[in-house]
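Breakdown of the fold
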Amino acid sequence: MINTLIVILGAGLGGGARHGVNVAVARLLPGFGFPLATIVINVLGSFLMGVLAESFALRGAAGHPARLFLTTGVLGGFTTFSTFSLDAISLYERGHLAAAALYVTVSVAAGLLGLLAGIALMRTVLSGG
């Protein structure tokens, strides 16, 4: 139960940080018309995930509550792309090149297809037919 609360608290902070980056980028580059904030969030989140994952691994703190709070919580609320990046690189570093390529390909393609399916479903439902 305590681990769930740790993650919830972290995710709330991460979500707030994501919103802050979205607002800051929109103010700095109004009318830019490109999802630059999402790129900034994904790259920054991936960088921070690398820093944290390696720090915890080198210190032998894999089960530490701070790891759960910062990686699953804060970075999970900030961007799940950081977890995707960590999973892909972990497969690659373990020598599972085909699995890493498959994971990246399937994740991106299935994510896009899932989004399109959700849009299609709601357009059908909300248009009454």
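This write-up is about the structure you can find in this document. (Residues numbered from 1 in each chain as written. Predicted model: local features only at pLDDT ≥ 70, side-chain atom pairs only at ≥ 80, totals over all residues. Heavy atoms only, no water.)

What follows deals with the packing of aromatic side chains. The full count for this structure, using the stated rule, is 2 aromatic pairs. Taking the centre distance of 5.3 Å and the plane angle of 45° together, the rings of F81 and F84 count as tilted. One end of the pair is F81 and the other is F84, both in helix α4 (residues 81–93) and 3 residues apart, which spans about a single turn. According to the relative accessible area criterion, F84 is buried, its value standing at 16%. Among the aromatic residues, those joined into a ring-pair cluster are F81, F84 and Y103. (Phe/Tyr/Trp six-rings, centres within 6.5 Å; stacked < 30°, edge-to-face > 60°. Helix = DSSP H or I, 4+ residues; strand = E, 2+ residues; numbered from the N terminus. Buried < 20%, exposed > 50% of the residue type's maximum accessible area, 1.4 Å probe, protein only.)

With that settled, the discussion passes to the environment of G128. Residue position: G128 is located in the segment after α5 (97–126). Through-space distance from the C-alpha of G128 to that of N42 is 37 Å; in sequence the pair is 86 residues apart.

Turning next to the packing of helix α1 (residues 2–28) against helix α3 (residues 65–78). For the pair α1 and α3, interaxial distance at closest approach is 6 Å and the crossing angle is 40°. The angle between the axes of α1 and α3 places the two elements in the oblique class. Of the two possible hands of crossing, α1 and α3 adopt the one that is right-handed. Counted together, N3, I6, V7, L9, G10, A11, L13, G14, G15, A17, R18 and V21 of α1 and P65, L68, F69, T72, G73, V74, G77 and F78 of α3 form the full contact between these two elements. Across the contact of α1 with α3, the residue classes break down as 12 nonpolar, 7 polar and 1 charged. (Axes fitted to C-alpha atoms, helices over the stretch in contact; angles between N-to-C directions. Parallel < 35°, antiparallel > 145°, perpendicular 65-115°, else oblique. Left-handed = near helix turned anticlockwise from the far one by under 90°. Contact = heavy atoms within 4.5 Å. Nonpolar A, V, L, I, M, F, W, Y, C, P; charged D, E, K, R; others polar.)

On to the nonpolar core. Within the largest apolar cluster, 10 residues are counted, these being V21, V25, A37, I41, M49, L52, F56, A61, L75 and F78. For this core, the elements supplying multiple residues, two or more each, are α1, α2 (36–58) and α3. (Core = buried A, V, L, I, M, F, W, Y, C linked by side-chain atoms within 4.5 Å.)

Don't take any of this as a statement about function, it's just geometry.
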